[in-house]
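Each chain, written out:
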Amino acid sequence: MTARTGRPGFLTVENLRAGYRAGRVLHGVGLTVAEGEICAILGPNGAGKTSLLRALCGMIRTEGTLRFDGADLPRRRPEAVARMGVAHVPEGRGTFAPLTVEENLRLGAYTRRDRAGVRDDLERTYGYFPVLKERRGQAAGSLSGGEQQMVAIGRALMARPRLVLLDEPSLGLAPLVTRDLFRIVRAINEEKRTTVMLVEQNAHLTLEFAHRAHVLETGRIVLSGTAEEIRADERTARAYLGIGV
Ligand SMILES: Nc1ncnc2c1ncn2[C@@H]1O[C@H](COP(=O)(O)OP(=O)(O)OP(=O)(O)O)[C@@H](O)[C@H]1O
Ligand SMILES: [Mg+2]
């Protein structure tokens, strides 16, 4: 896809260093995301993709610059980051298994007071994911993997986010299901201009849907460009992504 013009630097990350008690895993990451863009973060297991999302949403210790829509992102305060309009769909989905589909979706809107708006967004979410409407009263834990991923994304949308961080939504899903899910992510991106950061290992499919991509390897960005540039540069893509894209 061609990158559309959006405000550049909607999200700005400079010299980001972050990690855990056991040690640093991000060693000076820099990238910018324009408003309305789907930005892919690609890279092998253990590269630091999940840690990058955790750093953005204030879940782990960070040093460096993290700016979102002209303001510093709060450090170590995930709720404050969420209030700024950043929604995180973590690895492994994190749906509440005993709660129904609709209860899970409503949890995404728990800080909102505009009941009519929440009702509208619930219908909009069911519009994107009609199967969830059919199963609105069913326990989330009894859904298929793909359906649970829909609940997780739907719950994030219920917060009316301006930036959605998706951590490997394709995990455990069949390629066709993943493709359908990515189509919906793109529809959400296009209709609401919601900016998306999409962490994935499946470079081939992801580059069909993303505008730009950054390749992360052992905590450093080793390649950045538009999806076309990265796809066109087959030699580097093969070297960094381990596949022909
Ligand atoms: N909670 C944690 N405590 C300590 N180290 C961690 C923790 N989570 C991740 N790490 C380490 O940080 C490094 C990066 O992990 P991360 O989960 O960010 O990688 P990833 O790119 O998301 O990998 P994958 O594709 O397997 O999900 C790894 O070496 C990992 O062992
Ligand atoms: Mg991960």
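Residues numbered from 1 in each chain as written. Chains lettered and ligands numbered in written order. Predicted model: local features only at pLDDT ≥ 70, side-chain atom pairs only at ≥ 80, totals over all residues. Heavy atoms only, no water.

Caption draft 1: Structural context of the nonpolar core. Counting 42 residues, the largest nonpolar core has L42, F129, L132 and L166 as the members making the most contacts within it. With six residues, helix α6 (residues 145–157) is the largest single contributor of residues to this core. Apart from residues lying up to four places away in sequence, L132 is in contact with V101, Y126, L143, E147, M150 and V151. (Core = buried A, V, L, I, M, F, W, Y, C linked by side-chain atoms within 4.5 Å. Buried < 20%, exposed > 50% of the residue type's maximum accessible area, 1.4 Å probe, protein only. Helix = DSSP H or I, 4+ residues; strand = E, 2+ residues; numbered from the N terminus. Contact = heavy atoms within 4.5 Å.)

Caption draft 2: Up close: the site of ligand 1. The immediate surroundings of ligand 1 are formed by 14 residues, with N45, K49, T50, S51 and E91 found nearest. Contacts to ligand 1 include N45, whose side-chain N or O atom sits 2.7 Å from an oxygen atom. Between G46 and ligand 1, the recorded distance is 2.8 Å, taken from a backbone N or O atom to an oxygen atom. In isolation ligand 1 has 630 Å² of accessible area, and contact with the protein removes 63% of it. By residue number, the principal contributor to the shell around ligand 1 is helix α1 (residues 49–56), which donates four residues. Looking at the shell around ligand 1, its residues break down into four nonpolar, six polar and four charged. (Near = heavy atom within 4 Å. Polar contact = N/O pair within 3.5 Å; in protein donor to acceptor, adjacent residues only side chain to side chain. Areas by Shrake-Rupley, 256 points an atom, 1.4 Å probe, with all protein chains shown as cover. Nonpolar A, V, L, I, M, F, W, Y, C, P; charged D, E, K, R; others polar.)

Caption draft 3: Summary view of unusual backbone geometry. One non-glycine residue with positive phi stands out, namely N15, at about 45°. Here N15 is to be found in strand β1 (residues 11–20). Positive phi is not limited to glycine here, since E168 has a value of about 45°. Position of E168 among the secondary structure elements: in the loop between β7 (163–167) and α7 (175–192). Looking at E168, the relative accessible area reads 7%, which means it is buried.

Caption draft 4: Molecular detail of the side chain of D121. Locating D121 in the fold gives a position in helix α4 (residues 115–128). Setting aside its immediate chain neighbours within four residues, D121 contacts R112, M158 and R160.

Caption draft 5: Structural detail: the coordination of the magnesium ion (ligand 2). Around the magnesium ion (ligand 2), the protein supplies T50 (OG1) and E91 (OE) as donor atoms, at distances of 2.0 to 2.3 Å. Highlighted residues: T50 in helix α1 and E91 in the loop between β6 (86–89) and α3 (101–107), separated in sequence by 41 residues. Since its relative accessible area comes to 39%, E91 is described here as partly exposed. (Donors = N, O, S within 2.8 Å, 3.2 Å for Na, K, Ca; no water.)

Caption draft 6: Seen up close, the sheet that holds strand β5 (residues 71–72). Read from one edge to the other, the open sheet built from four strands follows the order β2-β1-β4-β5, with strand pairing classed as antiparallel. The open sheet is flanked by β2 (23–33) and β5, the only strands paired with a single partner. Across the sheet, α1 is in contact with β1, β2 and β4 (61–68); its angle to β1 comes to roughly 110°. (Pairing = 2+ DSSP bridges. Axes fitted to C-alpha atoms, helices over the stretch in contact; angles between N-to-C directions.)

Caption draft 7: Highlighting the sheet that holds β6. Pairing within the open sheet is mixed, and its six strands lie in the order β6-β7-β8-β3-β9-β10. Each end of this open sheet is capped by a strand with a single partner; those strands are β6 and β10 (220–226). Strand after strand, the sheet turns through a mean of 15° between neighbouring axes, direction not considered. As judged from the four bridges shared by strand β3 (residues 38–42) and strand β9 (residues 212–217), these two strands associate in the parallel manner. Looking across to β9, one finds that L42 is bridged to V215. Here α6 sits on the sheet and contacts β6 and β7; the angle it forms with β6, its principal contact strand, is near 165°.

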